[in-house]
Amino acid sequence: MDTLDKAYLEQNLPSKRLLEERGYLKFHLPFPSELAKALELKDWDKIDQLISNYLCCGGILNSVISYYQDFSHSEHIIAIRESETDENGIWHDDGSRDIAFTWSLNTDSNLAGGELLFRKKGASEEELTTFTPPPKETLIIFLTGRDGYEHKVNRVKAGTRRTIAGWCSLVAPNWSH
Ligand SMILES: O=C(O)CCC(=O)C(=O)O
Ligand SMILES: [Fe+2]
């Protein structure tokens, strides 16, 4: 499932309207076998390289994210948070990026905390969406400050939280975060 055609995307992905309404989408996007293998080996360099490829033309992430937002620039990191050293994140909006994503690499059954919180700026506590760290292969795509949203990651209380965090923009973003 490395290249995805338009018909596949339209039939299998959540609608664009849902993203506009809620500001986020969460769904299962299976890892290509080479990524699954690299995760098993904890080969972070390989994972980093594969994600670069997937964000490029014809790649799985490029196809999926482009379905929602045209982009020509992308950045990504492998974000690893361990309970021993982790701290509460702060609310932020990912600056001038058009859209953000987090593709879970979590395999740690001891993982506690590390929730991703998401809200419209100025929203009340009840209007907050909380994503408990999902299992590997869960993709969350979410809107940024450009559309008035912000997010933060809670402190990991036990175990290790791993994800690929990324950002995509049509024009090159300002490099401030
Ligand atoms: O770790 C995540 O799921 C998101 C991280 C994030 O928001 C960021 O690095 O800007
Ligand atoms: Fe962020």
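Since this is a predicted model, take the numbers as computed values, not measurements.

Chemist: What am I meant to see in the coordination of the iron ion (ligand 2) here?
Modeler: Around a metal, the idealised angle for a tetrahedral arrangement of four donor atoms is 109.5 degrees; for an octahedral arrangement of six donor atoms it is 90 or 180 degrees. Of the protein atoms, only H92 (NE2), D94 (OD) and H151 (NE2) coordinate the iron ion (ligand 2), at distances of 2.1 to 2.2 Å. Each donor residue of the iron ion (ligand 2) belongs to the same chain, with the gaps between them written as H-x1-D-x56-H. Here the residue H92 occupies a position in the loop between strand 2 (73-82) and strand 3 (99-104), and H151 occupies one in strand 8 (residues 149-153), the gap between them amounting to 59 residues. Under the relative-accessibility criterion, H151 is labelled buried at 3%.

Chemist: For this particular structure, what's the right way to read the side chain of S104?
Modeler: Assignment of secondary structure puts S104 in strand 3. Classification of S104 by relative accessible area gives buried; the value is 2%. Polar contacts involving the side chain of S104 include one to the main-chain carbonyl oxygen of P135, which spans 3.2 Å. Setting aside its immediate chain neighbours within four residues, S104 contacts F31, P134, P135, K136, E137, T138, R162 and T163.

Chemist: Which parts of the structure should I look at to understand the state of the cysteines?
Modeler: Where two cysteines share a covalent bond between their sulfur atoms, that bond is called a disulfide. One pass over the full model with this rule turns up 0 disulfides. C56 provides the cysteine sulfur closest to C57, a residue in no disulfide bond, and the two sulfurs are 3.0 Å apart. Between C168, a cysteine without a disulfide, and C56, which holds the nearest cysteine sulfur, the sulfur-to-sulfur distance is 12 Å.

Chemist: Hey, could you run me through the packing of aromatic side chains in this one?
Modeler: Scanning the entire structure with this criterion turns up 6 aromatic pairs. Ring geometry for Y24 and F118: centres 5.9 Å apart, planes at 75°, overall edge-to-face. Residue Y24 is located in strand 1 (residues 24-28), and its partner F118 is located in strand 5 (residues 116-120); the two are separated by 94 residues in the primary sequence. A ring pair is formed by F118 and Y149, whose centres lie 5.0 Å apart and whose planes are at 10°; its orientation type is stacked. Taken together, the residues F118 in strand 5 and Y149 in strand 8 connect sequence positions 31 residues apart. Here F118 and Y149 have matching classes, each one buried. Here the aromatic cluster, defined as three or more aromatic residues joined through ring pairs, consists of Y24, F118, F131, F142 and Y149. In this structure, R22 is placed above the aromatic ring of Y24, and the distance from its NZ or CZ to the ring centre is 4.3 Å. Cation over ring: R97 sits above W167, and NZ or CZ is 5.7 Å from the ring centre.

Thresholds, definitions, all that
The residue count restarts for each chain, going from 1 along the sequence in the order it is written. Written order determines the labels here, with chains lettered from A and ligands numbered from 1. The model is predicted, so local features are restricted to residues of pLDDT at least 70 and side-chain atom pairs to those at 80 or more, both for listing and for counting; the totals for chains, interfaces and linings are taken over all residues. Side-chain metrics rest on all non-hydrogen atoms present in the structure, leaving aside hydrogens and water. Listed donor atoms are N, O and S within 2.8 Å of the metal (Na, K and Ca: 3.2 Å). As water is not included, a site may look incomplete. Under the DSSP-based scheme used, a helix requires at least four consecutive residues in state H or I and a strand at least two consecutive residues in state E, with every element numbered from the N terminus. Exposure classes here rest on a 1.4 Å probe applied to the protein chains alone. A residue is buried below 20% of its type maximum, exposed above 50%, and partly exposed in between. A 3.5 Å cut-off defines polar contacts: any pair of N or O atoms within that distance qualifies, except that in protein one atom must be a possible hydrogen donor and the other a possible acceptor, and neighbouring residues in sequence count only when both atoms are side-chain atoms. Any two residues having at least one pair of non-hydrogen atoms within 4.5 Å are treated as being in contact. Cysteine sulfur atoms that pair up within 2.5 Å are treated as a disulfide. Here a Phe, Tyr or Trp ring, Trp counted by its six-membered ring, pairs with any other such ring whose centre lies within 6.5 Å, and the pair is stacked when the planes are under 30 degrees apart, edge-to-face when over 60, and tilted otherwise. The criterion for a charge sitting over a ring is simple: Lys NZ or Arg CZ within 6 Å of the ring centre, and within 35 degrees of the ring normal.

The quantities given are spatial measurements derived from coordinates; they are silent on function.
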